[in-house]
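# Overview (structure and organization)
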Amino acid sequence: MKYFIANWKANKNLKEAEEWFQIFIRELHRIQTPNIIIICPPSALIYSTKQFIKNEPQNIFIGSQDISIFDQGSYTGEVTGYSLQDLVNFAIIGHSERRNYFHENDESLNNKIKQARKYNIEPIFCIRGQTDKILPEVKFLAYEPVEAVGTGLNEEPEKVLEVKKSLGLDQSAKFLYGGSVNENNVNNYLKYDEIDGLLIGTASLDPIQFINIIKTV
Ligand code: PGA
């Protein structure tokens, strides 16, 4: 059983999301996968996407792409764990794009993990490599080398395994890889038991490509 996480980033509007789910769910029924699927749409679409999957099997979940460092309160524009608690089961935390464009640091990321936990949201913590200083204790750790994210230059699986080894993760942790995974290279990763799943950006925007990736297992 593997984890497939779709990170839509800041892509799609409501109409496009609806079309995506229509196709995705139709295809999902055909393949009947036992794998865990987590779809992370932009925050504005979280409620609608949750509605789109409400009659679907237990192995499909909605996640957020981020979570505020703040609890509820006077923080205009923030998407808090408090507001997300009944909508998502997972939250991506520390994605390299957030670290880069929004200057997220060890302190803010730790706060985000705390907020997620407070509201029973499972953090999917992203690291860019051994260079990220903090390695909080999380159940889901996603290794996403920046050179591979959104570039088409996926990292060799052997290198990914080396990085995993160097991290000395807890046995129970789930180790995920992300960075230019697509239907052509996905098997190179999934054939290893040490890789528990994948974070998929660009290739998840097309429902058929995403289904083809899930189907490989
Ligand atoms: P990518 O993005 O698949 O487009 O490389 C992965 C990610 O950023 O999670």
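Being a predicted model, the structure only gives us computed values, none of them experimental.

### Side note on the overall build of the chain
Helix and strand counts for the chain come out as 8 helices and 8 strands. Over its C-alpha trace the chain gives a radius of gyration of 16 Å, about what one expects of a compact globule, namely 17 Å for 217 residues. Its C-alpha atoms give the chain principal-axis dimensions of roughly 45 × 40 × 30 Å. Of the contacts formed within the chain by residues at least 6 apart in sequence, a portion of 67% connects residues at least 24 apart. For the chain, the computed accessible surface area is about 10800 Å², with 46% contributed by carbon and sulfur atoms. In the chain, 23 positive and 28 negative side-chain charges are present, and the distance between their average locations comes to 2 Å.

### Details of the site of the ligand
Close to the ligand lie 13 residues, the nearest being Lys 9, His 95, Gly 150, Ser 180 and Thr 202. Backbone polar atom of Gly 150 to an oxygen atom of the ligand: 2.6 Å apart, as the coordinates give it. A distance of 2.5 Å separates an oxygen atom of the ligand from a polar side-chain atom of Thr 202. When the free accessible area of the ligand is taken as 280 Å², the share hidden by the protein chains comes to 99%. Residues of the shell around the ligand, tallied by class, amount to 4 nonpolar, 7 polar and 2 charged.

### Focus on the environment of Leu 135
Summarising the element assignment, Leu 135 is placed in the loop between strand E5 (122–127) and strand E6 (140–143). A relative accessible area of 37% places Leu 135 in the partly exposed class. If near-sequence neighbours (up to four positions away) are discounted, Leu 135 is found in contact with Ile 127, Leu 141, Leu 167 and Leu 169.

### Some words on the pattern of salt bridges
Two side chains carrying opposite charge are able to pair once their charged atoms lie near each other. Evaluated as defined, the whole model comprises 10 salt bridges. With its nearest N and O atoms 2.8 Å apart, the salt bridge here joins Glu 97 to Lys 9. Residue Glu 97 is found in helix H4 (residues 96–101), and its partner Lys 9 is found in the loop between strand E1 (3–7) and helix H1 (14–31); the two are separated by 88 residues along the sequence. By relative accessible area, which is 25% here, Glu 97 ends up partly exposed. Overlapping salt bridges bring together Asp 66, Arg 98, Glu 104 and Lys 112 as one network.

### As for unusual backbone geometry
Its identity as a non-glycine residue notwithstanding, Lys 12 has a phi of 80°, on the positive side. Take Lys 12: it is sitting in the loop between E1 and H1. You will see that Gln 32, though not glycine, has its phi angle at about 45°, which is positive. On the secondary structure map, Gln 32 appears in the loop between H1 and strand E2 (36–40).

### Re the nonpolar core
Nonpolar side chains tend to gather and get buried jointly when the protein is soluble and globular. Core analysis: the biggest nonpolar cluster contains 52 residues, and Phe 24, Ile 39, Phe 125, Tyr 177, Ile 195, Leu 198 and Phe 210 have the highest contact counts within it. By residue number, the principal contributor to this core is H1, which donates 6 residues. Sequence-distant contacts of Tyr 177, that is, excluding residues within four places in its chain, are made with Tyr 143, Pro 145, Ala 148, Asn 154, Glu 155, Val 160, Tyr 189, Ile 195, Gly 197, Leu 198 and Leu 199. Core analysis: the second largest hydrophobic core is formed by 13 residues, Tyr 3, Ile 38, Phe 90 and Cys 126 among them.

### Considerations on the side chain of Ser 64
Along the chain, the position of Ser 64 falls in strand E3 (residues 60–64). With a relative accessible area of 1%, Ser 64 lands in the buried category. A polar side-chain atom of Ser 64 sits 2.8 Å from the main-chain carbonyl oxygen of Asp 66. Setting aside anything within four residues of it in sequence, one finds Ser 64 in contact with Cys 40, Ile 46, Leu 84, Val 88, Phe 90, Ala 91 and Ile 92.

What counts and how
- Residues numbered from 1 in each chain as written.
- Predicted model: local features only at pLDDT ≥ 70, side-chain atom pairs only at ≥ 80, totals over all residues.
- Heavy atoms only, no water.
- Helix = DSSP H or I, 4+ residues; strand = E, 2+ residues; numbered from the N terminus.
- Rg over C-alpha atoms; globule rule 2.2 N^0.38 Å.
- Contact = heavy atoms within 4.5 Å.
- Areas by Shrake-Rupley, 256 points an atom, 1.4 Å probe, with all protein chains shown as cover.
- Lys, Arg positive; Asp, Glu negative; His and termini not counted.
- Charge placed at Lys NZ, Arg CZ, Asp CG, Glu CD.
- Near = heavy atom within 4 Å.
- Polar contact = N/O pair within 3.5 Å; in protein donor to acceptor, adjacent residues only side chain to side chain.
- Nonpolar A, V, L, I, M, F, W, Y, C, P; charged D, E, K, R; others polar.
- Buried < 20%, exposed > 50% of the residue type's maximum accessible area, 1.4 Å probe, protein only.
- Salt bridge = Lys/Arg side-chain N within 4 Å of Asp/Glu carboxyl O.
- Core = buried A, V, L, I, M, F, W, Y, C linked by side-chain atoms within 4.5 Å.

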